[in-house]
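The primary structure of each chain is shown beneath.
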Amino acid sequence: MGDKLAWIDESLEDLKESGLYTHIRTIESPQGPWLVVDGRKVLNFCSNNYLGLANHPRLVEKAKEAIDRYGVGPGAVRTIAGTLSLHLELERKLAAFKGAEAAISFQSGFNANLATIPALADRGDLIVSDELNHASIIDGVRLSRADRAVYKHCDADDLKRVLEEHKGKHRRLLIITDGVFSMDGDIAPLDKIADLAEEYEAILMVDDAHGEGVLGHGGRGIVDYFGLHGRVDIEVGTMSKAFGVVGGYVAGNSKIVEWLHQRGRPFLFSSAMTVPDTAACIASVDILQESTELVDRLWDNARYFKGEMQRLGFDIGHSQTPITPVMLGEARLAQKFSSRLYEEGVFGTAIGYPTVPKGKARIRVMISAAHSREDLEKGLEAFAKVGKELGVIG
Ligand SMILES: *Cc1c(COP(=O)(O)O)cnc(C)c1O
């Protein structure tokens, strides 16, 4: 009898042979600079908890208070009976923090993209996308029925070429880019892209998942970083990274936000953010609104770590943000490096194809404001030891 799922065994075997099988580790402690992973205490170099907010006492307290008042579940989608006063408070505070006209929250950043892109572009429209945009943008584009074109990564001249080539052939234009590219840590040339969006009358959308809480004054994101307030129609953000909780949002033009209340499918057809998540997100926006301390510490830590890694002789790519890709090339080497680091008490996962191109495997180190100088030194020591052992540095 044939096995209709035999192809899965074969495909999994292929992944394992090529070093591309993802081994998922289990975390048994709160998120922080150190984690208990599969029973072992290790230095955390791979979470997106940039500011150390994931286990911050104020967030925990706010979540508990909210549970006492509202319970846990939202009970419905936002448009039926799931909109709590907490959701509206979060959206007001996010808009104020971002200096945007309005904001709308979603269950995740992924959902924010799936909601927004098909609501803005349909048959007869054209979406123009950076070739390295995040998977959730790619999926959002696929869900829309619009035509699509890609431009070379972070290349405004190539974007202009694409816009020129398609000029006059579509009803509406939508340009989409990541703000900070998560695997390389480089920043989209949003100032130049905004000029082109105006010239070609395109709607402009930036997904700033890795820039929120990181870039701009006190972590206000990429629009603030470039001083482009009012010139970017849509900023997608996530509350799952620097904000330390889970959830996504769109901040920007109030007409677009109103439209997403009517036509953002995950908003209409998937239940609202839960009570504790929403309350904890409010607390993280409050913390960022009050002080730039955590964001400043994040950047100090990142500058120190990146400088020392370069001094050791590692290739850390061209990151402009705290994301630090340690370039290793072959996926198998990256996996070997990662498991040796783990034995040395450092948790840094290997990232390979399809998350990054073939031959560009790496360990992506995520620096956090929660790391102390001693933590970073401990990490550097382990990188130096394993790097020499595996012939990556001299
Ligand atoms: C992480 C990420 C997302 C997804 O955000 P979640 O809130 O985790 O769903 C979307 N876009 C980009 C660019 C990201 O890096």
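Structural data are supplied above this passage.
Participant: Can you lay out the nonpolar core for me, pointing to particular residues and giving the numbers?
Facilitator: Counting residues in hydrophobic clusters, the biggest one holds 63 residues, and the most contacted among them are Leu 51 and Ile 175. At nine residues, the largest contribution of residues to this core is made by helix α12 (residues 275–290). In contact with Leu 51, other than residues within four places in its own chain, are Gly 213, Ala 242, Leu 288, Leu 294, Val 295, Leu 298, Ser 368 and Ala 369. Counting residues in hydrophobic clusters, the runner-up holds 25 residues, among them Phe 305, Val 326, Phe 383 and Val 386.

Participant: Mind laying out the sheet that holds strand β1 (residues 34–37), listing which residues take part and the relevant values?
Facilitator: Overall, mixed pairing links the three strands, which are arranged β1-β2-β11 in an open sheet. Looking along the sheet, the strands with just one partner apiece sit at the ends: β1 and β11 (346–347). Bridge count between strand β2 (residues 40–44) and β11: two bridges; the pairing is parallel. Looking at β11, one finds that Asn 44 is bridged to Phe 347. Most of the contacts of helix α15 (residues 373–389) go to β2, to which it runs at about 100°, and overall it touches β1, β2 and β11.

Participant: Describe the sheet that holds strand β13 (residues 361–366), listing the residues and the values that go with them.
Facilitator: Ordered in space as β10-β13-β12, the three strands form an open sheet in which the pairing is antiparallel. Each end of this open sheet is capped by a strand with a single partner; those strands are β10 (323–329) and β12 (350–351). Bridge count for β10 against β13 is six bridges, and the pairing is antiparallel. Within β13, the position partnered with Met 327 by the bridge is Arg 362.

Participant: How would you summarise the side chain of Asn 113 if you had to cite specific residues and measurements?
Facilitator: Within the secondary structure, Asn 113 is located in helix α5 (residues 109–120). A polar side-chain atom of Asn 113 sits 2.9 Å from a polar atom in the side chain of Asp 207. Among residues more than four places away in sequence, those in contact with Asn 113 are Pro 118, Ser 136, Ile 137, Gly 140, Met 205, Asp 207 and Val 236.

Participant: Can you explain the packing of aromatic side chains? Please cite residues and give values.
Facilitator: With the rule as written, the count across this model stands at ten aromatic pairs. Here the aromatic rings of Phe 106 and Phe 267 are separated by 6.1 Å at their centres, their planes lie at 75°, and the arrangement is edge-to-face. Placement of Phe 106 in strand β3 (residues 102–106) and of Phe 267 in helix α11 (residues 265–269) is noted, with a sequence separation of 161 residues between them. Judged on exposure class, the residue Phe 106 and its partner Phe 267 are both buried. Ring pairing ties together the aromatic residues Phe 45, Phe 305, Phe 314, Phe 337 and Phe 383, which thus form one cluster. For Lys 358, the ring lying beneath its charged end belongs to Tyr 353, and the centroid distance is 4.3 Å.

Participant: Give a description of the environment of Ser 270 that names residues and reports values.
Facilitator: Mapped onto the elements of the fold, Ser 270 is located in the loop between α11 and α12. Judged by relative accessible area, Ser 270 falls into the partly exposed class, the value being 29%. Sequence separation between Ser 270 and Ala 76 is 194 residues, and the spatial gap between their C-alpha atoms is 8.0 Å.

Rules behind the numbers
Residues numbered from 1 in each chain as written. Predicted model: local features only at pLDDT ≥ 70, side-chain atom pairs only at ≥ 80, totals over all residues. Heavy atoms only, no water. Core = buried A, V, L, I, M, F, W, Y, C linked by side-chain atoms within 4.5 Å. Buried < 20%, exposed > 50% of the residue type's maximum accessible area, 1.4 Å probe, protein only. Helix = DSSP H or I, 4+ residues; strand = E, 2+ residues; numbered from the N terminus. Contact = heavy atoms within 4.5 Å. Pairing = 2+ DSSP bridges. Axes fitted to C-alpha atoms, helices over the stretch in contact; angles between N-to-C directions. Polar contact = N/O pair within 3.5 Å; in protein donor to acceptor, adjacent residues only side chain to side chain. Phe/Tyr/Trp six-rings, centres within 6.5 Å; stacked < 30°, edge-to-face > 60°. Lys NZ or Arg CZ within 6 Å of the ring centre and 35° of its normal.

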